[in-house]
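# Report on the structure
Residues per chain are reported as follows:
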Amino acid sequence: RAKSLGRGKICTYEPSMDEASRVRAELAIDLKRALAGNELELYYQVQNDTNTGGIVGFEALIRWNHPQKGRIPPDAFIPIAEETGLIIDIGDWVMRTACTAAALWRLPFKVAVNVAPMQLNHDLPRRVAEILNETGLQPSRLEIELTESGIIADRQHALQVVLALKAIGVTVAMDDFGTGYSSLSTLQAFPFDKIKVDKSFVQAVGTSVHAAAIVKATLLLGRSLNIPVLAEGVETTSHLDFLRGEGCDSVQGYLFGRPMPVDVVTRMIDDEKGSRPQGADAHNELT
Ligand code: C2E
Ligand code: MG
Ligand code: MG
Ligand code: MG
């Protein structure tokens, strides 16, 4: 059959496109089952104070253990979850699971939860308030991470959502700072509690003078605006030395720890003797 089309180029190209969309459609169906079937899992990655090295919190990062395909990374299925609307149920599950875990930690570290753009349009503040209520987690221990792509669609509405979240008492971080197309105006309009410098800049500080300048400028900006800055993707001691020298508040990356399953994190916190989380109301739940 391929020969009848000449060289068969079109014939081999088109089926491969069909194949790609077939795989996506299959994943979308599988994802629906994944939620009910306990295939989704949250990992947690530690965040440390740059100066003391003490733990300040953990970011929850979703994992999908597909029964046939194995581990699928979030970048490969979160977009599908957004297209199909499944992100609303998955987002609820992530929020509830992360808050439940953090409420059980022996020390009151913060838990940071990524929120997809679509969640902003589905009653996010009410859902968050309910989950905090249900799980008993103190609102100040929850940090919500938003990317700029979640804000650009309807800035006015996004601002109302952020203000409502802050009214509940949760903090809001701007994730992947510097990768959006109007990061500065977003920073001007939104009362963020933290800026997370994107790992692409952090990881290039040793090899690109431009990346180093961008990280420095972001730290200066944070200082002027009185917003703490966290650097993500810290992999080496030279990354850390640079960030410490430039006054970065907190750090997250493989140098301090990979994302870990909840039982490993819980054990790590149990072993954390005498160390105290940073922050004004950090001692509230300690005896
Ligand atoms: P993100 O929120 O910017 O998360 C940081 C990503 O960097 C994570 O990738 C993390 O594993 C990775 N990372 C941390 N330290 C290092 C390092 O030192 N070096 C390198 N190379 N990478 C590092 P991950 O877990 O694959 O997640 C990718 C993205 O997927 C996240 O980026 C976030 O945008 C999204 N995501 C993850 N979990 C969720 C979730 O529960 N809900 C939503 N809506 N999005 C999520
Ligand atoms: Mg994040
Ligand atoms: Mg990020
Ligand atoms: Mg990212």
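Scroll up for the structure.
Residues numbered from 1 in each chain as written. Chains lettered and ligands numbered in written order. Predicted model: local features only at pLDDT ≥ 70, side-chain atom pairs only at ≥ 80, totals over all residues. Heavy atoms only, no water.

## Remarks on the coordination of the magnesium ion (ligand 3)
Threshold: With water excluded from the atoms, a metal site may look incomplete; its donors are any N, O or S atoms within 2.8 Å, or within 3.2 Å for Na, K and Ca. Type-normalised accessible area, obtained with a 1.4 Å probe on protein chains alone, sets the label of each residue: buried when under 20%, exposed when over 50%, and partly exposed for intermediate values.
In the first shell of the magnesium ion (ligand 3), the protein supplies Asp175 (OD), Asp176 (OD), Glu232 (OE) and Glu232 (OE), at 2.1 to 2.5 Å from the metal. Separating the magnesium ion (ligand 3) from the magnesium ion (ligand 2) is a gap of 4.0 Å, which Asp175 spans by donating to each of them. On the basis of relative accessibility, which here comes to 6%, the residue Asp175 falls in the buried class.

## Topic: the pairing of strand S2 (residues 55-66)
Going by this rule: Helix and strand definitions follow DSSP, with helices as H or I runs of at least four residues and strands as E runs of at least two, each counted in order from the N terminus. Pairs of strands are assigned from DSSP output, requiring at least two bridges between the strands.
The element S2 is largely enclosed, with a buried count of 11 among its 12 residues. Relative to S2, strand S1 (residues 40-49) runs antiparallel, the two being bridged by nine bridges. Within S2, the residue paired with Glu41 across the bridge is Arg63. Hairpin connection, S1 to S2: the antiparallel pair is bridged by five residues, and Gly53 has positive phi, about 80°.

## Considerations on the site of ligand 1
Let me state the cut-off plainly: It suffices for a single heavy atom of a residue to lie within 4 Å of a molecule or strand for the residue to be listed as near it. Pairs of N or O atoms are called polar contacts if they sit within 3.5 Å, as long as, within protein, a hydrogen donor faces a hydrogen acceptor (for residues adjacent in sequence, only side-chain-to-side-chain pairs). To be clear on the numbers: accessible area is Shrake-Rupley with a 1.4 Å probe, and residue cover counts the displayed protein chains and nothing else. Any residue with an atom within 4 Å of a point lines the site, the site being either a cavity, points on a 1 Å grid over the protein atoms alone where a 1.4 Å probe fits but cannot get out, or a pocket, an open set with protein on both sides within 12 Å along at least 5 of 7 lines. Criterion for pocket placement: a molecule counts as inside a cavity or pocket if more than half of its atoms are within 2 Å of its grid points. As a working rule, the residues Ala, Val, Leu, Ile, Met, Phe, Trp, Tyr, Cys and Pro are called nonpolar, Asp, Glu, Lys and Arg charged, and the rest polar, with Gly in that last group.
Looking at ligand 1, there are 22 residues lining it, with Arg63, Asn114, Asp175, Glu235 and Tyr254 nearest. Note that an oxygen atom of ligand 1 is positioned 3.1 Å from one of the side-chain N or O atoms of Asp176. For ligand 1, whose free accessible area comes to 800 Å², the fraction covered by protein is 86%. When atoms are counted within 2 Å of each cavity's grid points, the one that captures over half of ligand 1 is the largest pocket. Those elements that place two or more of their residues in the shell around ligand 1 are S2, helix H2 (74-84) and strand S6 (171-177). Residues that form the shell around ligand 1 fall into these classes: nine nonpolar, five polar and eight charged.

## Examining the nonpolar core
The following threshold applies: In this text, buried Ala, Val, Leu, Ile, Met, Phe, Trp, Tyr and Cys residues form a nonpolar core when linked through side-chain atoms within 4.5 Å.
Membership of the largest hydrophobic core comes to 76 residues, with the highest contact counts inside it found for Leu31, Tyr44, Phe58 and Leu142. In terms of residue count, the dominant contributor to this core is helix H3 (residues 87-104) (nine residues).

This is a description of form; function is not addressed.
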